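Architecture and fold: a report
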Amino acid sequence: MKKIEILAPAGSFESLQGAIRGGCDAVYLGGNKFGARAFAKNFDEETMKRAIDYTHMFDKKIYLTVNTLLRNDEIEELYDYLLPYVQEGLDAVIVQDMGVMSFIHANFPALDIHGSTQMTFSTAQGPNALKEMGLTRFVTARESSIAEIKKMRQNTDLEIETFVHGALCYSYSGQCFMSSMIGGRSGNRGRCAQPCRMPYEITDAAGNKVSAPPYVCSPKDMCTLDCIPDLVEAGIDSFKIEGRMKKPAYAAYTAHLYRKYVDIYLEHGKGYAAYLEKHKKELQYDYTCLMDLYNRGGFSKGYFYEKNGPQTMSMQRPNHSGVYVGKVSRMQKNRATIELVEDLYAQDILEFRGKDGRALYEYTVKNDVGKKEQQTQTNTKPGSKIQVGDAVYRTRRNALLNEISANILEKELKLPVHFSLAAKVGQALQLTAYTEGASVTVTGAIVDVAKSQPITVERFQKQLNKLQDTCFTLVTCEVETEGPVFTPMGKINQLRREAIAALEEKLVGQLKRVIHTKGNLTLHEKCDSITTEKQTKVSMVVTLRTMDQVLGLKKTSHLEAVYLDMAAFQDEELLQAMDQITIPVYLYLPAILRGAVYEKYAQAMEMAYAGVDGEEQVLARVFQHTQVKGFVIRNFEESSLCLKYVVPLHKFDVVLDYNMYTFNQYAKDYWKEKGIAHSTVSVELNGSQIGNLGCADQDLLVYGKPALMTSTQCVQKNVRGCKQQPGMLVLEDKFHKQFAWVNYCKYCYNQMYAQEPLSLHAYITEILDLNPRRLRLDFTVEKQAHMLEIIAFYQESIEGKNTECPIFAFETGHYRRGVQ
């Protein structure tokens, strides 16, 4: 069997060392710019180069995160930022932004590029299309199942990397704007404030309160030690551990355990399950250790075996839950008796929790207590309100942290080295040092004739073995002498140091690169070649999601086109809707296209546009409808389908939605070269940044409710049960801000919208000066009459008329403030 890469997080140099000492094969980390963990203890230039050398010294790999969206002004800094790391031997970069990918491949064509999970790859077809851009690996969407990953493996020769342990986002990664919109901290810029870990109250669409736990958007962390056979057999090349914000002990121990159990599987194969059964106590101990390090409400297996559900959520507590060690069996005044189900260790920190999960009291265990002793007692603080039956959790296990520190973190790695010394009277000392993969020879001072006692072989060997402060350990040391030799011990020490330094340089230097020239046009040169002809008339398009809205189109003449959200209509309804429409229709493709739904779309497009026979389906007739003039694509699966079937026909207009992130000119140019010339302005750019980028080829969203999250989870299912019926629940945060959760059951995903729409009517004059291709108005639950009022209001605003605004509560998004 092939070796599986264990890929560990490194939020600091100490974490990097810990992960490598723990047994990982590669680390991923961020520099001081452009990484998706802006608040980690990221690496400055000197520390980064040191990290690259340290990693390569032990034959490991190192991947740099450049997985945020970059503006025009920032992408100009990218070359100088990356150059020293590429020269030092950086193995790969992890990327989200297509502009960044294009720029890096043009300037550093020999550097491997990995597609981030932020790119939301749900099939192999999306990343396959990016091979020509230097993509050698992609990270699967965290929501991918084992079956879907197997399908990916069958359809690609790219390396597949998958998260196997750690935190899960509620939203599909790369499809979340919630932190950005409510607080200006964009997850796409590495600054997520984790609003999914906040408490919410829920009401239904009629305003009735829904009984639910407080943290309905907080997933459990994942742990997959017992899933390793399925993960390996699915074809995953790299097991990725989440946790760049966590401490060195976490990086070290998770790397250690996943390396341990993957190697056990590679050794035992189909006998893995039998091995685990035989070593059940050992597995449970290791599992508990991982729980002690960090978990949220226990662990789940992620989405490998189930698409969603309350069993994958930690809805009572959003942070570290600790390990359940027992419950209160007796209270006598302020003295509690705890009935134990786990061993306790000296310096454990225990927390009593009430029936609602609230912390009541915390104390530190003085001595070890085995669960065989069945119970332990402690005094509690008066007024703690502890009751019989209350749960007790261990939130910190200092003995484990000390064990990890002693056995991994403080245990320096040593490479075996062999010495061969030639010491001959009248000739220069010559020392050869060799280890696996490298050999060096250095020469020193001329050997003198001993005046009294010549230096013995044993004395030479003793002096050469002084390697305590190096990363080498001496295995063999051959010494050849000729004549009564003498040389000062200082000369031997100097020779040894020179040999070790040369060997280290040889080991790490083999991967260093020489970069001769910058290969790409500067951004200014690119922008100078762009024509931005002023629009003679700014037109409007609308996105519709109800038949009531569709029927209202007959009552307005202000629109150039309509986008129909395919997730909001059944396929037959789409045909009926298009029969009612007289202006061009763009099919607004689903937010997520995966599994059987992807296969259905691929078959339907093949039937509709390539003339391939297949089982008759309504969807193919939707694509063939004469009113269809274009498509709005929202993920890389859809871009791959459109590039294969739609773009070559030269009869449809294809538009990238705002979540396809044309954040800079390089991204725009990539898609234009592919034949997709139009896109949508990112909702995370402000007016000045939009002007800098130019939007003559873009839609600009001026009204609507951008989807703040797109999730495979379903609040409706998790708190009320799955009814397989589209609907809406309203979540309210502690600041009394409301959000609508809409479940699109047709494709089994949910989207969150702010209750108050984005509306930029106050800036309409500025917006017209920006020269957008079209103004876009998105409608979600608006009734027909209100929709028509808003369309008319925007048309009159375009014409410079001062009319009463029908939008009473609204936000202006990032148009003024932008994002961090």
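Look above for the structure.
Described in the following lines is the structure provided in the data block. Treat the numbers as computed from the prediction; the structure is a model and nothing was measured.

What counts and how
Residues numbered from 1 in each chain as written. Predicted model: local features only at pLDDT ≥ 70, side-chain atom pairs only at ≥ 80, totals over all residues. Heavy atoms only, no water. Helix = DSSP H or I, 4+ residues; strand = E, 2+ residues; numbered from the N terminus. Expected span 1.5 Å × (residues − 1). Buried < 20%, exposed > 50% of the residue type's maximum accessible area, 1.4 Å probe, protein only. Pairing = 2+ DSSP bridges. Axes fitted to C-alpha atoms, helices over the stretch in contact; angles between N-to-C directions. Core = buried A, V, L, I, M, F, W, Y, C linked by side-chain atoms within 4.5 Å. Polar contact = N/O pair within 3.5 Å; in protein donor to acceptor, adjacent residues only side chain to side chain. Contact = heavy atoms within 4.5 Å. Lys, Arg positive; Asp, Glu negative; His and termini not counted. Salt bridge = Lys/Arg side-chain N within 4 Å of Asp/Glu carboxyl O. Phe/Tyr/Trp six-rings, centres within 6.5 Å; stacked < 30°, edge-to-face > 60°. Parallel < 35°, antiparallel > 145°, perpendicular 65-115°, else oblique. Nonpolar A, V, L, I, M, F, W, Y, C, P; charged D, E, K, R; others polar.

All right, on to helix 12 (residues 280–293) then. Here helix 12 spans 20 Å end to end across 14 residues, near enough to the 20 Å set by a 1.5 Å rise per residue. The set of residues buried in helix 12 consists of Leu 283, Asp 286, Thr 288, Cys 289, Leu 290, Met 291, Asp 292 and Leu 293.

A separate point is the sheet that holds strand 19 (residues 415–424). Judged by pairing direction, the sheet is mixed, and its four strands sit side by side in the order 21-20-19-23 without closing on themselves. Unpaired on one side and paired on the other, strand 21 (438–446) and strand 23 (472–482) mark the two borders of the sheet. Strand after strand, the sheet turns through a mean of 15 degrees between neighbouring axes, direction not considered. In this structure, strand 19 lies alongside strand 20 (residues 428–435), joined through five bridges in antiparallel fashion. Bridge pairing in strand 20 links Ser 420 to Thr 432.

This brings us to the pairing of strand 11 (residues 238–241). Burial along strand 11 is two-sided: the face carrying Ser 238 and Lys 240 and the face carrying Phe 239 and Ile 241 are both buried. Strand direction decides the pairing type here: strand 1 (residues 5–9) and strand 11, joined by three bridges, are parallel. From the neighbouring strand, Ile 6 faces strand 11, where its bridge partner is Phe 239. The pairing of strand 7 (residues 159–165) with strand 11 spans four bridges and is parallel. Among the inter-strand pairings, Thr 162 is bridged to a residue of strand 11, identified as Phe 239.

We now examine the nonpolar core. Within the largest apolar cluster, 241 residues are counted, with the highest numbers of intra-cluster contacts made by Leu 78, Leu 564, Phe 623 and Phe 631. With 12 residues, helix 10 (residues 248–268) is the single largest residue contributor to this core. With 14 residues, the next largest nonpolar core counts Val 325, Phe 352, Tyr 363 and Ile 386 among its residues.

Turning next to the side chain of Asn 664. Tracing the backbone through its elements, the reader meets Asn 664 in the loop between strand 29 (653–656) and helix 22 (665–674). For Asn 664, the side chain forms a polar contact with the main-chain nitrogen of Tyr 666, separated by 3.2 Å. Residue contacts for Asn 664: discarding those within four places in its chain leaves Leu 70, Arg 71, Asn 72, Ile 75, Asp 97, Gly 99 and Leu 693.

Before going further, it helps to spend a moment on unusual backbone geometry. In this structure, Gln 374 is a non-glycine residue whose phi angle is positive, near 70 degrees. Mapping Gln 374 onto the fold places it in the loop between strand 16 (359–364) and strand 17 (375–379). A relative accessible area of 57% means that Gln 374 is categorised as exposed.

For the rest of this paragraph, the subject is the side chain of Asp 91. Within the element layout of this structure, Asp 91 appears in the loop between helix 4 (78–88) and strand 4 (92–95). Of the side chains with opposite charge, Lys 61 lies nearest to the buried Asp 91, which makes no salt bridge, at 5.6 Å. Reaching out from Asp 91, the side chain makes a polar contact with the side chain of His 56 at a distance of 2.7 Å. Of the polar contacts made by the side chain of Asp 91, one reaches the backbone nitrogen of Ile 62; its length is 2.9 Å. Residues within four places of Asp 91 in sequence aside, it is in contact with His 56, Lys 60, Lys 61, Ile 62, Tyr 63, Leu 111 and Asp 112.

Before going further, it helps to examine the sheet that holds strand 34 (residues 738–744). Strand order in the open sheet formed by six strands is 9-8-33-34-35-32, and the pairing between neighbours is antiparallel. Sheet topology places strand 9 (209–210) and strand 32 (707–711) at the edges, where each strand pairs with a single neighbour. Summarising the sheet, strand 32 and strand 35 (residues 749–754) pair through four bridges and their orientation is antiparallel. Counted as the bridge partner of Ala 707 is Tyr 753 from strand 35.

Turning our eyes to something else, we now look at the packing of aromatic side chains. Taken as a whole and assessed by the stated rule, the structure comprises 30 aromatic pairs. Here Tyr 170 and Trp 741 contribute two aromatic rings whose centre-to-centre distance is 5.4 Å and whose plane-to-plane angle is 70 degrees, an arrangement assigned as edge-to-face. Pair noted here: Tyr 170 is in the loop between strand 7 and helix 8 (178–183) and Trp 741 is in strand 34, with a separation of 571 residues, a long-range link. Given a relative accessible area of 1%, Tyr 170 falls into the buried group. The interplanar angle of 35 degrees and the centroid separation of 6.1 Å between the aromatic rings of Tyr 609 and Phe 623 together place this pair among those described as tilted. Pair noted here: Tyr 609 is in helix 19 (residues 595–609) and Phe 623 is in helix 20 (residues 618–624), with a separation of 14 residues, a long-range link. With relative accessibility at 13%, the residue Tyr 609 sits in the buried group.

In the contact formed by helix 2 (residues 45–57) and helix 15 (residues 489–509), the axes pass within 8 Å of each other and the chain directions differ by 95 degrees. With respect to their mutual orientation, helix 2 and helix 15 come out roughly perpendicular. Note on element contacts: helix 15 touches helix 2 through Glu 504, Leu 507 and Val 508, opposite Asp 53, His 56 and Met 57. For the contact of helix 2 with helix 15, the per-class residue count stands at three nonpolar, one polar and two charged.

Below, the discussion takes up the environment of Val 585. Tracing the backbone through its elements, the reader meets Val 585 in strand 27 (residues 585–588). The class of Val 585 is buried, set by a relative accessible area of 0%. Taking the C-alpha atoms as reference points, Val 585 and Lys 278, separated by 307 residues in sequence, lie 62 Å from one another. Excluding residues within four positions of it along the chain, Val 585 makes contact with Val 562, Leu 564, Met 578, Gln 627, Val 628, Lys 629 and Gly 630.

Scanning all chains against the criterion turns up 48 salt bridges. Arg 545 serves as the salt-bridge partner of Asp 565, at 2.8 Å between the closest nitrogen and oxygen. With Asp 565 in strand 26 (residues 561–565) and Arg 545 in the loop between strand 25 (539–544) and helix 17 (547–551), the pair connects residues that are 20 residues apart, well separated along the chain. By the burial criterion, Asp 565 is buried, and Arg 545 matches it. The salt bridge involving Arg 634 is made with Asp 565; its shortest N-O contact spans 3.9 Å. Of this pair, Arg 634 sits in the loop between strand 28 (628–633) and helix 21 (636–646) while Asp 565 sits in strand 26, and the two are 69 residues apart along the sequence. Owing to a relative accessible area of 4%, Arg 634 belongs among the buried residues under this scheme. Through salt bridges with shared partners, a single network forms among Arg 545, Asp 565, Arg 634, Asp 657, Arg 776 and Asp 778.

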